[in-house]
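Coordinates in review
One-letter residues, chain by chain:
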Amino acid sequence: MDQQGLGGILWNYLKIFKILCSMFSRWNWVACGFYLMLNICSPDASGGLVQSCGHIIPESPVLALGSNFTALCILNESCLDFGNIYASQIIWKIKNRVVPKEQYREINRTVSSVTFNDTSSLATPLTCNILADGQMEQNIYGITVTVGLAPEKPKNLSCIVHLLSRFRHVMTCTWDPGRHTFLDTQFRLRYSWPEELFPDCIPKDVNNSCTITDIQFFVNTEIWVEATNALGKAESDHLVVDPIDIVKPLSPQNVSVSSGALPTGLKLSWENWISDAVMKLKFNIRYRIVGDTNWTEVPSEDTASPRTSFNVQGLRPYTEYAFSIRCMKEDGEGYWSDWSEEKTGITSEEQPSKGPPLWRIIDKSHSPGSWTVHLIWKALKPFEANGVILQYEVTVRDKSSLTSPVKKYNVTGTNQTLQLPEGTYEVTLIARNSAGASPPSVLLIPASNSKAPVKNLRTLPKHDKLWVGWTAPNSFVLKYVIEWCLVSSSSDCIIEWQIAPGDIQDIELKGIKPFKCYLITVYPLYADGQGSGQSVKAYLKQDRPSKGPTVQTKKVGKAEAVLTWNHLTVEEQNGFIRNYTILYKTIDGNETVVTVDPSKTEYTLSSLTSDTLYTVRMMASTDNGSRTGPDFTFTTQKFGRGEIEAIVVPVCLAFLLIVLLGVLFCFNKRDLIKKHIWPIVPDPSKSNIAQWSPQVPAKHNFNSKDQMYPEGSFTDVSVVEIEADDKKSFSEQDLKPFDLLKKEKSTSEGHSSGIGGSSCMSSPRQSVSDSDEGETTQNTSSTVQYSTVVLNGYRDQTPVQVFSRSESTQPLLDSEERPEDHAGGVDSPAQRQQYFRQNGGQDEVNTDRPCFEITKQFIHGNEGDLVGFVQLQISGQSSQPLGFEIEKNTQEAALSNVLQTYTEGQTVRPETVEENPLSVDEMPKSYLPQTVRHGGYMPQ
């Protein structure tokens, strides 16, 4: 089937669909839209595709930016029969953005227009749309709108002829294309002779220049530029010129520099690219000192004529210069060539133009009355030296002595050290090169700097330079010497210096570095001496310190702490330290800030809390910032200074006092303490009992007082048994001391065993007897206590020897008998038997009977009472049998001797007194050995 038949079929279907839409007006709007789409896309009956329902006039226009524009959307008549489509239903859009309906205008039922007053806001595409049955929006047609500007007239047209070689050259023209048009704009460079038009020169990749390769000199050529785009055409002004007048020649070649006849001049030579027959040239020469950036040009009138060489004058001797040359047409038409390659040359030597700057540094010598003078000078600058300095000549003249010889030194360096006596000297310095000697430099060294110094010395950093200023003294100053050195904590200060004229009062120091400390000193020099130096420290720039101070504690108390630190080194300060700041706090407390003068290295914190941990750090500050050091912790003491001493010292003194009192007490009571701690234990081998014979009582010499009592007094008292038959004869006051003796007796009762029992409370034992009684020494306790009571005689009476209890624990042996006891005596065996055994015919009963006991303790009392007590005892026992009379007499004698010994105020008191007198059978038995002398006996 051909395309025309297919279109007819689709057309018939559209008619049917239209009728159905008109019959059923409530059909879905989607179906009608589908019908409209088929109507737009179906081919027409003429054999092509079905034409659109409308179109826009104009078609893809190019518009001037900012102009008015109106577009028309026209609907086709064939579309009006379907779906009630009219121009009033048209909607205009710019890039899918609906144009306000105020800009619409319905011309008739098929045409609608839209108007834009300013195309600056117009974008592409511009579309015409229709709303079918008020429900579905459908695009009818769309166009592309281009907005731009017409080209401007090109301006500033200029052309240059470049020489590429001696016979080849090109002309390049440039212009200003004007504003950007937003459109495709074409530029053309056109040129012609009066009677001939040459092909246009079309720029490539640019729109402001073009190069013509075929030109002719000495012919006027007309040159202009045309610019064309869719909105219009523009043409530049016409330029008429001879190409020879717009030539830019090549720079001179083969430039060379040679020494001239004078040390202040150099000769330049070169070659030109173009011959004088074609074009005559003039030149421009420039030069500079090597290392300098400033050029100096030779005056143009000196090089205005054609040439190939030139002598440059007025240069410095022995100085290296760089030269460069350029050229152009002699009449000034055209352009200067580029500068030639630089060439250098050195001028000849000349004698130095000035003497070296001279200064001195004076140190005290080890020898008294002399100096160590360091002469120092600066090397001359190249333009001052005018050559190579071969040596320096130093002359020293003593001004204080006219007869002193002049000293001369030839030095190749820039310093000389001299040992000179103190005085005034004139030093002269000359620099010499191959061309001659310099003018002399003279320095006066006075004996003392007694002249006036400068005033108000100050420094001022300005524009990254350090300036030093001062106020001149009242006297005339020839010149000033400014010394400075870099202050360092690790090396010596290396002095730099310079000389300033006497008519200035400030100067810029060279070679100063930032963040470094410099010591600056200014000396005024007079015609007849010099003034003392004034010094100041300065920084070109300051920064905050490199580190903070490290703080430590020197001493910590209860409520205060002494902090110490070291000054930062000069290298660490980076500026002037204005103050130190101490920051301290407890663990949970607020930080306290204290500002300290920068000259201090110690500070005391006060009002601290005792026994508390503190954290402290320190900060150093300059004009440009601060830096904090590390943290340090310390703990305050619990007690303050002197508090512990106030407690310990009194305690120690009290303790020492107690110890001293105790020592004194022990010293006074040493006998009593010794008796309780170290009791005297007699030697059994020296015991009198050990020498006693059980058969014969010992015979003692009662008349030999010195033999028995060598010391004239008794040494100890253990036990003396006293029997009384009537306790009632004593008063209670008399019996109280015996109660104390009874307690002592009961305490020592368990330790009393002795022979015969020296205490009536001790367990009774049988005394040593003969074999008739059948008693042996085996009945005796293994522990025997024995002693001897030695008494002085009463009032020069004959003393008696008494046996008593001893503290010895050695057992008595039968073999321990005294030899003299076996030698015989006046006593009969019956007497010896009665001596060892009293009341032998009676049984030993009533062992618990009380008795009287005299102990070691003697109490001061009334001698008359004690004598009465003895009389009462003796009278109370008068009715006893004769068998006891001996014992009683012995006891009375012993007691009498005791009374005689202690008549001076000592009294022996009884322990207890029985209420009824004892009978013979009740009388306690004494088991101590007895010795009978002169009608009496005494227990021993």
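Analysis parameters
- Residues numbered from 1 in each chain as written.
- Predicted model: local features only at pLDDT ≥ 70, side-chain atom pairs only at ≥ 80, totals over all residues.
- Heavy atoms only, no water.
- Helix = DSSP H or I, 4+ residues; strand = E, 2+ residues; numbered from the N terminus.
- Buried < 20%, exposed > 50% of the residue type's maximum accessible area, 1.4 Å probe, protein only.
- Contact = heavy atoms within 4.5 Å.
- Areas by Shrake-Rupley, 256 points an atom, 1.4 Å probe, with all protein chains shown as cover.
- Salt bridge = Lys/Arg side-chain N within 4 Å of Asp/Glu carboxyl O.
- Phe/Tyr/Trp six-rings, centres within 6.5 Å; stacked < 30°, edge-to-face > 60°.
- Lys NZ or Arg CZ within 6 Å of the ring centre and 35° of its normal.
- Pairing = 2+ DSSP bridges.
- Axes fitted to C-alpha atoms, helices over the stretch in contact; angles between N-to-C directions.
- Disulfide = S-S within 2.5 Å.
- pLDDT = per-residue confidence, 0-100.
- Patch = residues over 30% accessible without salt bridge, like charges linked within 9 Å, V, L, I, M, F, W, Y side chains within 5 Å.
- Core = buried A, V, L, I, M, F, W, Y, C linked by side-chain atoms within 4.5 Å.
- Polar contact = N/O pair within 3.5 Å; in protein donor to acceptor, adjacent residues only side chain to side chain.

So, about the overall build of the protein. When helices and strands are counted, the protein shows 12 helices and 58 strands. Classification of the 940 residues of the protein by burial places 40% in the buried group. For the protein, the share of sequence-separated contacts (at least 6 apart) that also reach a separation of at least 24 residues comes to 68%. Only carbon and sulfur atoms are counted for the fraction: they give 51% of the accessible area of the protein, which is about 50,800 Å².

Our focus in this paragraph is the pattern of salt bridges. One pass over the full model with this rule turns up 21 salt bridges. The salt bridge involving arginine 397 is made with glutamate 426; its shortest N-O contact spans 3.0 Å. With arginine 397 in strand S29 (residues 389–398) and glutamate 426 in strand S32 (residues 425–433), this pair connects stretches of sequence that are 29 residues apart. Linked through salt bridges whose partners overlap, the residues forming this network are Arg188, Arg190, Asp200, Glu226 and Lys233.

Turning next to unusual backbone geometry. Where the residue is not glycine, phi is negative for most of them; where a peptide bond is considered, it is trans in most cases. Cis peptide bonds are those with omega within 30 degrees of zero, and the linkage from isoleucine 57 to proline 58 qualifies with 0°. Mapped onto the fold, proline 58 is located in the loop between strand S1 (54–57) and strand S2 (62–64). Note the cis peptide between threonine 124 and proline 125, where omega equals 0°. Structurally, proline 125 is set in the loop between strand S7 (111–116) and strand S8 (126–132). Residue serine 60 is not a glycine yet carries a positive backbone phi of 50°.

Here the focus is the packing of aromatic side chains. Counted under the stated rule, the structure contains 15 aromatic pairs. A ring pair is formed by tryptophan 193 and phenylalanine 198, whose centres lie 5.0 Å apart and whose planes are at 85°; its orientation type is edge-to-face. Judged by relative accessible area, which is 28%, tryptophan 193 ranks as partly exposed. Their ring planes at 80° and their centres at 6.3 Å tell us that phenylalanine 217 and phenylalanine 218 sit as a pair that is edge-to-face. On the basis of relative accessibility, which here comes to 16%, the residue phenylalanine 217 falls in the buried class. Assessed through its relative accessible area of 59%, phenylalanine 218 is described here as exposed. Taken together, the ring pairs connect Tyr191, Trp193 and Phe198 into an aromatic cluster. For arginine 286, the ring lying beneath its charged end belongs to tryptophan 339, and the centroid distance is 4.2 Å. In this structure, arginine 316 is placed above the aromatic ring of phenylalanine 383, and the distance from its NZ or CZ to the ring centre is 4.4 Å.

Right, let's get into the sheet that holds S7. Strand order in the open sheet formed by four strands is S1-S3-S7-S6, and the pairing between neighbours is antiparallel. Strands with a single pairing partner mark the edges of an open sheet, and in this sheet they are S1 and strand S6 (104–106). On average, each strand axis in the sheet is inclined to that of its neighbour by 20°, with strand direction left out of account. Pairing of S1 with strand S3 (residues 69–75) involves four bridges; the strand directions are antiparallel. Directly across from histidine 55, in S3, lies its bridge partner isoleucine 74.

Evaluated as defined, the whole model comprises four disulfides. Cysteine 159 shares a disulfide with cysteine 173; S-S distance 1.9 Å. With the S-S dihedral at roughly 105°, the linkage between cysteine 159 and cysteine 173 falls on the right-handed side. A residue pair is termed long-range when its members are at least 10 positions apart, and cysteine 159 in strand S11 (residues 155–163) and cysteine 173 in strand S12 (residues 169–176) qualify at 14 residues. Taking the relative accessible area as the measure of exposure, cysteine 159 reaches 3% and is therefore buried.

Take the sheet that holds strand S22 (residues 281–289) next. Note: strands within a sheet are paired through backbone hydrogen bonds, in either parallel or antiparallel orientation. In space, the four strands of this open sheet follow the order S23-S22-S25-S26, with antiparallel pairing throughout. Each having just a single partner strand, strand S23 (296–297) and strand S26 (343–346) make up the two edges of the open sheet. With two bridges joining them, S22 and S23 adopt antiparallel strand pairing. Residue arginine 286 lies in a different strand from S23, and its bridge partner there is glutamate 297.

When the pLDDT values of the protein are averaged, the result is 74; 67% of them are 70 or greater. Note that residues 1–50 has pLDDT below 50 and, in this model, 58 contacts with residues that lie over four places away or in other chains. Low confidence marks residues 740–796, where pLDDT is under 50. Its contacts with residues over four positions away, or in another chain, come to 148 contacts.

Once that is clear, we can look at the pairing of strand S20 (residues 253–259). Where a strand is regular, its side chains alternate between the two sheet faces. Relative to strand S21 (residues 266–271), S20 is paired through five bridges, and the arrangement is antiparallel. Its bridge partner being in S21, serine 256 is matched across the sheet by serine 269. Here S20 hands over to S21 after six residues, the two strands then running antiparallel side by side.

So, on to a nonpolar patch on the surface. Where nonpolar side chains cluster on the molecular surface, the patch consists of Val649, Leu653, Phe655, Leu656, Val659 and Val663 and spans about 570 Å² of accessible area. Using a relative accessible area of 38% as the deciding quantity, one classes valine 659 as partly exposed.

Along the chain, the position of serine 606 falls in the loop between strand S47 (602–605) and strand S48 (613–622). On the accessibility criterion, serine 606 (46% relative accessible area) is partly exposed. Measuring from C-alpha to C-alpha, the distance between serine 606 and glutamate 560 comes to 4.4 Å, with 46 residues separating the pair along the chain. Each residue touching serine 606, except ones within four places of it in the same chain, is listed here: Ala559, Glu560 and Tyr584.

Another point: the pairing of strand S24 (residues 309–312). Side-chain alternation along S24 places Phe310 and Val312 on a buried face and Ser309 and Asn311 on a face that remains uncovered. Strand direction decides the pairing type here: S21 and S24, joined by four bridges, are antiparallel. By the bridge assignment for S24, leucine 266 is matched with valine 312.

All right, on to the nonpolar core then. By size, the foremost hydrophobic cluster in this structure holds 41 residues, and its most contacted members are Met171, Leu189, Ile223, Trp270 and Phe323. With near-sequence residues (within four places) excluded, phenylalanine 323 lies in contact with Val257, Leu266, Leu268, Arg286, Tyr287, Val312, Leu315, Glu341, Glu342 and Lys343. Core analysis: the next-biggest nonpolar cluster, separate from the first, contains 27 residues, Val99, Tyr104, Leu126 and Ile130 among them.

On to the side chain of asparagine 284, then. Mapped onto the fold, asparagine 284 is located in strand S22. In this structure, asparagine 284 is in contact with Glu297, Val298, Thr303, Ser324, Ile325, Arg326, Trp336 and Trp339, ignoring residues within four places of it in sequence.

Mapped onto the elements, tryptophan 175 comes out in strand S12. By relative accessible area, tryptophan 175 is classed as buried at 5%. As for tryptophan 175 and asparagine 208, which are separated by 33 residues in sequence, their C-alpha atoms are 5.2 Å apart. With residues up to four places along the chain from it excluded, the contact list for tryptophan 175 reads Pro154, Lys155, Asn156, Leu157, Phe187, Leu189, Pro203, Asn207, Asn208, Ser209, Cys210 and Val225. Looking at tryptophan 175, its side chain comes within polar contact range of the main-chain oxygen of asparagine 207, at 3.0 Å.

This part covers the side chain of asparagine 433. As for its position among the elements, asparagine 433 is in strand S32. A polar atom in the side chain of asparagine 433 sits 2.8 Å from the backbone oxygen of glutamate 350. A polar contact is formed between the side chain of asparagine 433 and the backbone oxygen of alanine 385, at a distance of 3.0 Å.

Its location among the elements puts alanine 71 in strand S3. Taking the relative accessible area as the measure of exposure, alanine 71 reaches 0% and is therefore buried. Taking the C-alpha atoms as reference points, alanine 71 and serine 113, separated by 42 residues in sequence, lie 5.5 Å from one another. Once you skip the residues sitting within four places of it in the chain, alanine 71 turns out to touch Ile56, Ile57, Pro58, Trp92, Ser112, Ser113, Val114 and Leu126.

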